[in-house]
Amino acid sequence: MPDSPAGEPAVRRVRPDVQRNLDALLTAAAEVFATDGVDAPVRRITARAGVGAGTLYRHFPQRSDLITAVFRHEVDACAEAAPALSERYEPVEALSRWLHRFARFVAAKRGLKAVLHSGDPAYESLPAYFRDRFVPVVTDLVEAAAGSGGIRADVRPFDLLRAVGDLLAPDDEAYTDRMITLLVDGLRYGADASPAAARGTTDVAG
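Keep in mind it's a predicted model, so treat the numbers as computed, not measured.

Asks: Tell me about the overall build of the protein chain, and name the residues and values.
Replies: Of regular secondary structure, the protein chain possesses 10 helices and 0 strands. When the elements of the protein chain are put in sequence order from the N terminus, they spell out α-α-α-α-α-α-α-α-α-α. Counting the 206 residues in the protein chain, one finds 39% classified as buried. Once local pairs closer than 6 in sequence are excluded, the contacts in the protein chain between residues at least 24 apart make up 67%. With the model as given, the accessible surface of the protein chain reaches about 11,600 Å², and the carbon-plus-sulfur share is 52%.

Asks: Which residues make up helix α7 (residues 126-147), and what values do they have?
Replies: The first and last C-alpha atoms of α7 sit 31 Å apart over 22 residues, in line with the 32 Å expected at 1.5 Å per residue. Buried positions along α7 lie against α4 (63-88), α5 (91-108), α6 (113-116) and α8 (157-167). Two residues or fewer past α7, G149 is found with a positive phi of approximately 85 degrees.

Asks: I'd like to hear about α5, residue by residue, with values.
Replies: In this model, α5 (18 residues) spans 26 Å end to end at C-alpha, consistent with the 26 Å of a helix rising 1.5 Å per residue. For α5, a buried count of 13 out of 18 residues is recorded, marking the element as mostly surrounded by other parts of the structure.

Asks: Explain the packing of aromatic side chains to me, and be specific about the residues and the numbers.
Replies: Enumeration over the complete set of coordinates arrives at 9 aromatic pairs. Note on W98 and F134: the rings are 5.7 Å apart at their centroids and 65 degrees apart in plane angle, and the pair reads as edge-to-face. On the criterion of sequence distance, the pair formed by W98 in helix α5 and F134 in helix α7 is long-range, its members being 36 residues apart. In terms of burial, W98 and F134 fall into one category: buried. Between F102 and F130 the ring centres are 6.0 Å apart and the planes differ by 55 degrees, which places this aromatic pair in the tilted class. Separated by 28 residues along the polypeptide, F102 in helix α5 and F130 in helix α7 bring together distant segments of the chain. Classification of F102 by relative accessible area gives buried; the value is 1%. One cation-aromatic arrangement involves R72 over Y129; the distance from NZ or CZ to the ring centre is 4.3 Å.

Asks: Which residues make up the side chain of E93, and what values do they have?
Replies: Looking at the secondary structure, you find E93 in helix α5. On the accessibility criterion, E93 (4% relative accessible area) is buried. Among the polar contacts listed, one links the side chain of E93 to the side chain of R97, at a separation of 2.4 Å.

Asks: I'd like to hear about the confidence of the model for the protein chain, residue by residue, with values.
Replies: Put simply, the protein chain has an average pLDDT of 85, and 85% of its residues get 70 or more. Here residues 1-11 is a poorly scored stretch, pLDDT under 50, and it has 10 contacts once near neighbours within four places are set aside; other chains count. Segment residues 194-206 is flagged for pLDDT under 50; beyond a separation of four residues in sequence, or across chains, it makes 31 contacts in the model.

Asks: Lay out the pattern of salt bridges with the relevant residues and their values.
Replies: Tallied over the full model, the rule gives 8 salt bridges. The closest approach of N and O atoms between R44 and D36, which form a salt bridge, is 3.1 Å. Owing to a relative accessible area of 40%, R44 belongs among the partly exposed residues under this scheme. Overall, the relative accessible area of 40% leaves D36 in the partly exposed class.

Asks: Mind laying out the nonpolar core, listing which residues take part and the relevant values?
Replies: Taken as a class, soluble globular proteins show a tendency for nonpolar side chains to be buried jointly. L95, W98, F102 and F134 are the most contacted members of the largest nonpolar core, which totals 57 residues. Every element with two or more residues in this core is listed here: α1 (16-36), α2 (42-49), α4, α5, α7, α8 and α9 (173-187). Among the elements that take part in this core, α4 stands out by supplying 11 residues, more than any other. If sequence neighbours within four positions are ignored, L95 has contacts with V138, L141, V142, A145, I151, L160 and L187.

Definitions and cut-offs
Residues numbered from 1 in each chain as written. Predicted model: local features only at pLDDT ≥ 70, side-chain atom pairs only at ≥ 80, totals over all residues. Heavy atoms only, no water. Helix = DSSP H or I, 4+ residues; strand = E, 2+ residues; numbered from the N terminus. Buried < 20%, exposed > 50% of the residue type's maximum accessible area, 1.4 Å probe, protein only. Contact = heavy atoms within 4.5 Å. Areas by Shrake-Rupley, 256 points an atom, 1.4 Å probe, with all protein chains shown as cover. Expected span 1.5 Å × (residues − 1). Phe/Tyr/Trp six-rings, centres within 6.5 Å; stacked < 30°, edge-to-face > 60°. Lys NZ or Arg CZ within 6 Å of the ring centre and 35° of its normal. Polar contact = N/O pair within 3.5 Å; in protein donor to acceptor, adjacent residues only side chain to side chain. pLDDT = per-residue confidence, 0-100. Salt bridge = Lys/Arg side-chain N within 4 Å of Asp/Glu carboxyl O. Core = buried A, V, L, I, M, F, W, Y, C linked by side-chain atoms within 4.5 Å.

Pasting the structure below:
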């Protein structure tokens, strides 16, 4: 690969049409996996994405490659939603809305549970990827909410992620939303209340 003027390796650019196909495949695969499981026929994924099987196999020669890419893509999308929420909402509200978003991510990934715990070396890196992406995100949200006086200061971020997973009812999103709202309300107990915290709410993101 040719060097850039600064002597650093040049970044390989992906053609826009290639990137569109890749994004379409990842989105379609995530939707198909959520409804039909990770063993769903490839033709369902390619039909939903509007591409041919050759395009899929060019990007993902093995099914494990596709599953891994889908998982990472969905983790990234969920993690990257946090900064926008923090900019738009008060700290407790931002935390609440992101936890609801995280719950929807986890519920949609129930079909991946078997492969993540299958012992297949192809998936060994995924649990660490999950922690490495989500723990810093929820840490920032929790620290901002606690710093505003809106929630108690002794909340452990990874415990909060686990609690959301334990509250999930995959086939009843309304129930899950109610439980997470109660969870966030519980975080307020013992908080050093402040005017900024009092303005927060725990409504589900629209």
